[in-house]
Amino acid sequence: MAESGPAASPGGTVHPGGIVGVLAVGGIVAAFMQTLVVPLIAQLPRLLDTTASNATWVVTATLLASAVAMPMIGRLGDLFGKRRMLLACMVPLIAGSVVCALSSSLIPMVVGRGMQGVGMGMIPLGISALRDLLPPEKLGSSIALLSSSMGIGGAFGLPLAAVIAENTSWRVLFWGSAALSALVAVLIFFLVPATPVQARGRFDAVGAVGLGAGLVCLLLGVSKGADWGWASGTTIGLFAATVVVLLAWGWWELRIRDPLVDLRVTARPQVLLTNAASVVVGFSMYAQALIVPQLLQLPEATGYGLGQSMVAAGLWMVPSGLVMMAVSPLGARLSAARGPKVTLAAGSLVIAIGYGSSTVLLGAAWGLMIVTAICGMGVGLAYGAMPALIMGAVPQSETASANSFNTLMRSVGTSVSAAVVGVVLSQLTIDLSGHVLPSENGFRAGLLIGSGVALLAAIIALTIPGRGRAVRPAAKHAAPAGEQATFKA
């Protein structure tokens, strides 16, 4: 069974470069949604006529929606076709952007941001589709590039959003994201071929509700715990509910024929340890993304702040995205030669080195640029290796759901990182003219934690059995008449 749609370009030939380009741009656009509102955070209470505490839901909604939606979208991609679900992901991405552009109050803005979060599911879907659509010699480098698109989108998105927000209406940000998303949808429709549908069975609606409820409780507790108080009844209740709901969900998944997430496959050492490393890498990657922009923008009167504007701070971080993109093919070659587990361990070590370099580079904007560039190099290597490890260990019929679950693990790591770094910075502070600001010791402690966690990720990666099998190309499937495709470099 194949999903409907063009099997090839108009000339009857599938162009791998076009497929990878479209999916990579789509991933960058989806990731851009995460940093889209960062320049607006201080203005949101005024723009939406709400409190600063309530305005944080504009960020939290995207996080929760993407985490809940990714496993479901991945499973639907295996059941009904990855191209079909890629197009389906673009609908909430476009609609959410339009809702946000038209919003003047908190609730519609939060709804729109949640819809934008659902669109993040296209990144693991696109990675999985590459296994079906590309010739073997192009698979490794393409997976690495597409996997790093999350970091690339974030690195480029921040300065672009800041420039637009400072020079035009904030609504232009959302109208622009709607237009970009619509363009990506058109490109997917015309340039990405249909893929064979290999999974059989039903969609596990009960499992989807259970996992979604567990993730909401976990991520809500982690992301809002600092505001509500870590010892508050609400926070403790959410964490207790997380344990109960996820245990019940696991019991259900092990007893039905067509689970949302095959926990037996997930328990395989290569998959389990890769997912564990993904949580830790996500943590280490996000720590510097939280700390460096603050250091760049804090006033020079602190003695360690660099007094940069939001736009300038974003521009200083752009090289990290360029480095991430540049090292993707190098990571693919290393994975082909030594195995993706070596690439994952090497990437984690590079991240640790980047954090370590901050001990001597913290006092200048160019020094922080080097820190983020080194960390970006490590993230590019690590993010490219993780889907290769996952797809090398799961059945062809479960690539999308397994990749989505792996991406979810990265998101859990970033959420925990935000909570931990937030606690550290809130405990180590100074008073500047009546304003409480994170201290230099607080920033150094956060960077040291990031380095230690990156080293832990390298240790976990090295425990993955064997060399860590690289992703195997999909077997050739007979397509319906008129849907045969040839590859052209």
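Everything numeric here is computed off the predicted structure, so don't read it as measured data.

Quick look at the overall build of the protein chain
Now for step 1: Within the protein chain one finds 19 helices and four strands.
Now for step 2: The C-alpha radius of gyration of the protein chain comes to 22 Å, within 12% of the 23 Å expected for a compact globule of 489 residues.
Now for step 3: By principal-axis analysis of the C-alpha atoms, the protein chain measures approximately 75 × 50 × 45 Å.
Now for step 4: Put simply, the protein chain has 489 residues, and 55% of those count as buried.
Now for step 5: Look at the contacts in the protein chain between residues 6 or more apart in sequence, and 81% of them connect residues 24 or more apart.
Now for step 6: As displayed, the protein chain has an accessible area near 18800 Å², and 70% of this comes from carbon and sulfur atoms.

Some thoughts on the pattern of salt bridges
Now for step 1: Counting across every chain of the model gives three salt bridges.
Now for step 2: Between Lys224 and Asp227 there is a salt bridge; the shortest N-O distance is 3.6 Å. You can see Lys224 and its partner Asp227 sitting in helix H11 (residues 205–228), three residues apart, about one turn around the helix.
Now for step 3: Glu440 is the partner of Arg444 in a salt bridge, and the nearest nitrogen-oxygen pair spans 3.2 Å. Here Arg444 and its partner Glu440 are both found in helix H19 (residues 440–462), four residues apart, which amounts to about one turn of the helix.

Focus on the pairing of strand E2 (residues 429–432)
Now for step 1: For E2 and strand E3 (residues 435–438), the ladder comprises four bridges, and the chain directions are antiparallel. Across the sheet, residue Leu432 finds its bridge partner in E3, namely His435.
Now for step 2: Where E2 hands over to E3, the hairpin turn is made up of two residues, of which Ser433 adopts a positive phi near 55 degrees.

Brief notes about the environment of Gln297
Now for step 1: Here Gln297 shows up in helix H14 (residues 269–297).
Now for step 2: Taking relative accessible area as the criterion, Gln297 reaches 30% and is therefore assigned partly exposed.
Now for step 3: Between the C-alpha atoms of Gln297 and Gly314, which are 17 residues apart in sequence, the distance is 10.0 Å.
Now for step 4: In contact with Gln297, not counting residues within four places along its chain, are Gly307, Gln308, Ser309, Met310 and Ala313.

Digging into helix H12 (residues 233–253)
Now for step 1: With 21 residues, H12 should cover 30 Å at 1.5 Å per step; its first-to-last C-alpha distance of 30 Å lies within 8% of that length.
Now for step 2: Of the surrounding secondary structure, the elements contacted by the buried residues of H12 are H11 and helix H13 (263–266).

A word on helix H15 (residues 310–338)
Now for step 1: Its 29 residues place the ends of H15 41 Å apart at the C-alpha level, agreeing with the 42 Å of an ideal helix rising 1.5 Å per residue.
Now for step 2: Along H15, the sharpest change in direction is near 35 degrees and occurs at Ser328; proline Pro329 comes one to four residues later.
Now for step 3: Positive phi shows up at Gly339, right after H15, with a value of about 100 degrees.

Let's talk about the packing of H14 against helix H18 (residues 399–427)
Think of two packed helices as two axes; the pair is described by the angle between the axes and how far apart they sit.
Now for step 1: Close contact between H14 and H18 brings their axes to 7 Å; oriented N to C, the two are set at 45 degrees. Comparing their axes, H18 and H14 come out oblique. The crossing of H14 and H18 is right-handed. Listed contacts from H18 to Thr274, Asn275, Ser278, Val279, Gly282, Phe283, Met285, Tyr286, Ala287, Leu290, Ile291 and Gln294 of H14 are Phe405, Asn406, Met409, Arg410, Gly413, Thr414, Val416, Ser417, Ala418, Val420, Val421 and Leu425.
Now for step 2: Class assignment for the residues of the contact of H14 with H18 results in 14 nonpolar, nine polar and one charged.

Here's the deal with unusual backbone geometry
Now for step 1: The phi angle at Asp49 is positive, at roughly 55 degrees, despite the residue not being glycine.
Now for step 2: With respect to the secondary-structure elements, Asp49 resides in the loop between helix H2 (44–48) and helix H3 (52–55).
Now for step 3: Residue Asp49 is classed as exposed on the basis of its relative accessible area of 72%.

Comments concerning the confidence of the model for the protein chain
Now for step 1: Residues at a pLDDT of 70 or more form 92% of the protein chain, whose mean pLDDT is 85.
Now for step 2: For the protein chain, strand E4 (residues 486–487) is the element with the lowest average pLDDT, namely 34, and H12 is the one with the highest, namely 95.
Now for step 3: Segment residues 7–12: pLDDT under 50, and twelve contacts once partners within four positions in sequence are set aside and those in other chains are kept.
Now for step 4: In this model residues 475–489 is a low-confidence stretch, pLDDT under 50, and it forms 27 contacts with partners more than four residues away in sequence or in other chains.

A word on the side chain of Thr302
Now for step 1: Summarising the element assignment, Thr302 is placed in the loop between H14 and H15.
Now for step 2: A distance of 2.8 Å separates the side chain of Thr302 from the backbone oxygen of Pro299, its partner in a polar contact.
Now for step 3: One polar contact links the side chain of Thr302 to the main-chain amide nitrogen of Gly305, over a distance of 2.8 Å.
Now for step 4: Aside from chain neighbours lying at most four places away, what touches Thr302 is Ile430, Leu432 and Leu437.

A closer look at the environment of Leu238
Now for step 1: Along the chain, Leu238 turns up in helix H12.
Now for step 2: In the structure, Leu238 is positioned 182 residues away from Val420 in sequence and 17 Å away in space, judged by C-alpha atoms.
Now for step 3: Among all residues touching Leu238, those that are not within four sequence positions of it are Cys217, Leu220, Gly221 and Trp228.

Observations regarding the nonpolar core
Now for step 1: In this structure, Met122, Leu130, Phe174 and Ile188 are the most contacted members of the largest nonpolar core, which totals 52 residues.
Now for step 2: Per-element accounting of this core gives the leading share, ten residues, to helix H1 (residues 16–35).
Now for step 3: Each residue touching Leu130, except ones within four places of it in the same chain, is listed here: Ile19, Val20, Leu23, Leu139, Ser142, Ile143 and Leu146.
Now for step 4: Counting 45 residues, the second largest nonpolar core, distinct from the first, contains Tyr355, Val379, Met386 and Leu437.

Concerning the environment of Leu187
Now for step 1: Looking at the secondary structure, you find Leu187 in helix H10 (residues 171–191).
Now for step 2: Through-space distance from the C-alpha of Leu187 to that of Arg131 is 19 Å; in sequence the pair is 56 residues apart.

Digging into the packing of aromatic side chains
Now for step 1: Enumeration according to the criterion identifies three aromatic pairs in this entry.
Now for step 2: Summarising the aromatic geometry, the rings of Trp170 and Phe174 are spaced 6.0 Å apart at their centres and angled 85 degrees between planes, so their arrangement reads as edge-to-face.
Now for step 3: For Phe174, a relative accessible area of 0% translates into the label buried.
Now for step 4: A centroid spacing of 6.1 Å and a plane angle of 65 degrees characterise the contact between Tyr304 and Phe443, whose relative ring orientation is edge-to-face.

Rules of the game
- Residues numbered from 1 in each chain as written.
- Predicted model: local features only at pLDDT ≥ 70, side-chain atom pairs only at ≥ 80, totals over all residues.
- Heavy atoms only, no water.
- Helix = DSSP H or I, 4+ residues; strand = E, 2+ residues; numbered from the N terminus.
- Rg over C-alpha atoms; globule rule 2.2 N^0.38 Å.
- Buried < 20%, exposed > 50% of the residue type's maximum accessible area, 1.4 Å probe, protein only.
- Contact = heavy atoms within 4.5 Å.
- Areas by Shrake-Rupley, 256 points an atom, 1.4 Å probe, with all protein chains shown as cover.
- Salt bridge = Lys/Arg side-chain N within 4 Å of Asp/Glu carboxyl O.
- Pairing = 2+ DSSP bridges.
- Expected span 1.5 Å × (residues − 1).
- Bend = angle between axes of the 7 residues up to and from the residue.
- Axes fitted to C-alpha atoms, helices over the stretch in contact; angles between N-to-C directions.
- Parallel < 35°, antiparallel > 145°, perpendicular 65-115°, else oblique.
- Left-handed = near helix turned anticlockwise from the far one by under 90°.
- Nonpolar A, V, L, I, M, F, W, Y, C, P; charged D, E, K, R; others polar.
- pLDDT = per-residue confidence, 0-100.
- Polar contact = N/O pair within 3.5 Å; in protein donor to acceptor, adjacent residues only side chain to side chain.
- Core = buried A, V, L, I, M, F, W, Y, C linked by side-chain atoms within 4.5 Å.
- Phe/Tyr/Trp six-rings, centres within 6.5 Å; stacked < 30°, edge-to-face > 60°.

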